[in-house]
Amino acid sequence: MTRSTKSFRTGAAAGAVLLALLAGGLGWSGPAAAQQTAARAASGDGLDVQELRPNLYLIAGAGGNIVAQVGPIGVVLVDSGSTAAAPRVLAAIRRLTPLPVRYIINTSMDRDHVGGNQVLTASGLSILPGAVVAGAGLDDALVSNAGKASVLAHENVQTRMSEATGANAYPFPLWPTKTFAFHSYAMYLNGEGYRVIHQPAAHTDGDVIVEFRRSDVIATGDLVDTTRWPVIDTARGGSVQGTLDALNRLMDMTIFNLPIQWNDDRTLLVPGHGRVYDKLDLLEYRDAVTIVRDRVEDLIKDGKNLQQVKAANPTLGYRSEYGTDRGEWTTDMFVETMFKELSTKKAAPSAARAK
């Protein structure tokens, strides 16, 4: 059964209005208000460091957003920013703690998320320095990354990075040193439980989200980008449907501050780029992507071609919030990607019936 776009839009809007009224009526000042009380470190280096939770920091301005968790064993990072920004990121970490970087978790293979891997791992220290697995044929360099900090990612990240050639090639020191191929990878460091969860065929085919269970913070990588529509990299296995599936999983994992709305307690989501979200922000973002998808799908069913779909302005009502006509990912590119995927989906059943 085809879902009615109109009824979905009405229901989603009603849900958003209800949450907004509850929050506003009980003294909540706006989306992700916890951000407003975060500690900021102004250093003059172009980076913005915010304390989101005790010992959990956002480092913004280094390319992709970086999350740093600081504890007695050292620093665990989610993403490492761009190569050019890596020395500044390292200096910012040194202002938080003298302890070494011990682990980096990459949310994708994007260069503004993995570019600092070489500098930051070289500055750090392996979780298992000098460890040898007796009888397994493993030496210190393999087990402990030659004493440097380890880099964890989904195996598709390593596959994509190793396949890139020419101008697109990734230097070997940026590659992950540890990968996993299943649904999730869990570990416990610094008194914090981490769940690294693969989101297949979303922004790319190697995306993960990182859940800090004790702190109730989720690093989403580029599944969420508050500065524009979500980037869907079809050349590296991304898809519209996979992105929506991932956003829906995030909705299931995220908790709003009910029933005591005047408290700041809530799940915080650190996007790949842009400001920190909470569940209400995510609801609006997910619904905007879903509504645009439904509009494009309806236009395709009416026989419209790509130019006609663009002319119909399916992002109406959301373009000022998420749209952009500049940069590497524009609103037109977002609509084109949706059109191509949904057109292929429509053509597949027709081809099957023809057989």
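Keep in mind that this is a model prediction, so the values were computed, not measured. Numbering of residues starts from 1 in each chain and follows the order in which that chain's sequence is written. Note on the predicted model: pLDDT of at least 70 is required for a residue's local features to be given, and 80 or more for side-chain atom pairs to be given and counted; whole-chain, interface and lining totals, by contrast, use all residues. To obtain the side-chain values, all non-hydrogen atoms of the structure were used and water was disregarded.

(A) A look at helix H7 (residues 240-253). When the terminal C-alpha atoms of H7 are compared, their 20 Å separation across 14 residues agrees well with the 20 Å that a helix rising 1.5 Å per residue should span. Between buried and exposed lies partly exposed: a residue is buried under 20% and exposed over 50% of the maximum accessible area for its type, with that area taken using a 1.4 Å probe on protein chains only. Going along the chain from the N terminus, every DSSP run of H or I of four or more residues is numbered as a helix, and every run of E of two or more is numbered as a strand. Looking at H7, one finds that the buried residues are Val240, Gly242, Thr243, Leu244, Ala246, Leu247, Leu250, Met251 and Met253. Any N or O atom pair separated by 3.5 Å or less is treated as a polar contact, with the protein-specific requirement of one donor-capable and one acceptor-capable atom, and with residues adjacent in sequence counted only for side-chain atom pairs. The distance from a side-chain oxygen at the start of H7 to the backbone nitrogen of Gly242 is 2.9 Å, and the residue carrying that oxygen is Ser239. Multiplying one less than the number of residues by 1.5 Å gives the expected span of a helix.

(B) View of the nonpolar core. Counting residues in hydrophobic clusters, the biggest one holds 39 residues, and the most contacted among them are Trp229, Leu250 and Phe334. Put simply, the parts of the chain that give this core at least two residues each are strand E12 (217-225), H7, helix H8 (279-301) and helix H11 (331-354). The element best represented in this core is H8, accounting for eleven residues. Throughout, a contact is declared for two residues whenever any of their heavy atoms are within 4.5 Å. Discounting chain neighbours no more than four positions away, the residues touching Trp229 are Tyr285, Ala288, Val289, Val292, Thr315, Tyr318, Tyr322, Gly323, Trp329, Thr331 and Phe334. Definition used in this section: a nonpolar core is a set of buried Ala, Val, Leu, Ile, Met, Phe, Trp, Tyr and Cys residues joined via side-chain atoms within 4.5 Å. Among the nonpolar cores identified, the runner-up in size contains 24 residues, and Ala60, Phe180, Val196 and Val276 belong to it.

(C) Local environment of the pattern of salt bridges. Salt bridge, as used here, is a side-chain nitrogen of Lys or Arg placed within 4 Å of a carboxyl oxygen of Asp or Glu. Applying the stated rule across the entire model yields 14 salt bridges. Between Arg319 and Asp325 there is a salt bridge, with the nearest N and O atoms lying 3.6 Å from each other. By relative accessible area, Arg319 is classed as partly exposed at 31%.

(D) The arrangement of the sheet that holds strand E11 (residues 208-212) in detail. At least two DSSP bridges between two strands are required for those strands to pair. The strand order across the open sheet formed by five strands is E9-E10-E11-E12-E13, and the pairing between neighbours is mixed. The sheet is open, and its two edges are formed by strand E9 (184-189) and strand E13 (268-273), each paired on a single side. Geometrically, the sheet is characterised by an average inter-axis angle of 25° between neighbouring strands, direction not taken into account. Where E9 meets strand E10 (residues 192-198), six bridges bridge the pair, whose relative direction is antiparallel. Paired with Met187 across the bridge in E10 is Tyr194. Fitted lines through C-alpha atoms give the axes, limited to the stretch in contact for helices. The angle between two N-to-C directions lies from 0 to 180 degrees. Contacts from H8 reach E12 and E13, with the element oriented near 25° to E12.

(E) Spotlight on the packing of H7 against H8. Two elements in contact, H7 and H8, have axes separated by 10 Å at closest approach and are oriented at 155°. Looking at the two axes, H7 sits roughly antiparallel to H8. In this structure, the crossing between H7 and H8 has a hand that is left-handed. In this structure, H7 contributes Val240, Gln241, Leu244, Leu247, Asn248, Leu250 and Met251 to the contact, and H8 contributes Lys279, Leu282, Leu283, Tyr285, Arg286, Val289, Thr290 and Arg293. In terms of residue class, the contact of H7 with H8 is made up of nine nonpolar, three polar and three charged. In what follows, roughly perpendicular refers to angles from 65 to 115 degrees, roughly parallel to angles under 35, roughly antiparallel to angles over 145, and oblique to any angle outside these ranges. For any pair of crossing helices, the crossing counts as left-handed if the nearer helix is rotated counterclockwise from the farther one by less than a right angle, and right-handed if it is rotated clockwise. Any residue outside Ala, Val, Leu, Ile, Met, Phe, Trp, Tyr, Cys, Pro, Asp, Glu, Lys and Arg is labelled polar, Gly included; the first ten of those are nonpolar and the last four are charged.

(F) Seen up close, the packing of aromatic side chains. Within 6.5 Å between ring centres, the rings of Phe, Tyr and Trp (the latter by its six-membered ring) count as paired, and their orientation is classed by plane angle as stacked under 30 degrees, edge-to-face over 60, tilted in between. Scanning the entire structure with this criterion turns up nine aromatic pairs. Here Trp229 and Tyr322 contribute two aromatic rings whose centre-to-centre distance is 5.3 Å and whose plane-to-plane angle is 50°, an arrangement assigned as tilted. Residue Trp229 is found in the loop between E12 and H7, and its partner Tyr322 is found in helix H10 (residues 319-322); the two are separated by 93 residues along the sequence. Ring geometry for Tyr277 against Tyr285: centres 6.0 Å apart, planes inclined by 75°, an arrangement best described as edge-to-face.

(G) Inspection of the pairing of strand E6 (residues 101-105) at higher detail. Most of E6 sits inside the fold, with five of its five residues counted as buried. Sheet analysis places strand E5 (residues 74-78) next to E6, joined by four bridges and oriented parallel. If you follow Val75 over to E6, its bridge partner there is Val101. Viewed with both strands pointing away, a crossover whose connecting path from the first strand over the helix to the second turns clockwise is right-handed. What joins E5 to E6 is helix H2 (residues 86-96), and the crossover it makes is right-handed. Relative to strand E7 (residues 150-154), E6 runs parallel, the two being bridged by three bridges.

(H) Region of interest: H2. Those residues of H2 that fall on the buried side of the exposure criterion are Ala86, Val89, Leu90, Ala92 and Ile93. Mapping the buried residues of H2 onto a view down its axis gives an arc of 160°, with all of them on the same face. Each element contacted by the buried residues of H2 is listed here: strand E2 (48-53), strand E3 (56-60), strand E4 (66-71), E5, E6 and helix H4 (117-122). In this description, the arc belongs to the directions extending from the helix axis to the C-beta atoms.

(I) Broad picture of the environment of Arg319. Turning to its location among the elements, Arg319 is positioned in helix H10. Sequence-wise, Arg319 and Ala288 are 31 residues apart; in three dimensions their C-alpha atoms are separated by 9.7 Å. Residue contacts for Arg319: discarding those within four places in its chain leaves Asn313, Asp325, Thr331 and Asp332. For Arg319, the side chain forms a polar contact with the side chain of Thr315, separated by 3.1 Å.

(J) Broad picture of the side chain of Asp207. Here Asp207 is to be found in the loop between E10 and E11. Buried charged residue Asp207 carries no salt bridge. Nearest counter-charge: Arg236, at 8.2 Å. For Asp207, the side chain forms a polar contact with the main-chain nitrogen of Thr204, separated by 2.5 Å. Setting aside residues up to four positions removed in sequence, Asp207 forms contacts with Thr107, Ser108, Ile197, His198, Gln199, Ala202 and Leu223. For the purpose of charge, His is not counted, nor are the chain termini; Lys and Arg are scored as positive and Asp and Glu as negative.

(K) Geometry of the pairing of E9. Residue alternation in E9 divides its side chains into a buried set, Tyr185, Met187 and Leu189, and an unburied set, Ser184, Ala186 and Tyr188. Connecting the antiparallel pair E9 and E10 is a turn made up of two residues, with Asn190 showing a positive phi of about 55°.

(L) Looking closely at the confidence of the model for the protein. One number per residue, pLDDT, summarises how confident the predictor is, and it ranges from 0 to 100. Mean pLDDT for the protein: 85, with 80% of residues reaching 70 or above. This stretch, residues 1-42, has a pLDDT under 50; its non-local contacts, to residues over four places away or in other chains, come to 63 contacts. Contacts from residues 351-355, a stretch scored under 50 in pLDDT, to residues over four places away or in other chains number zero contacts.

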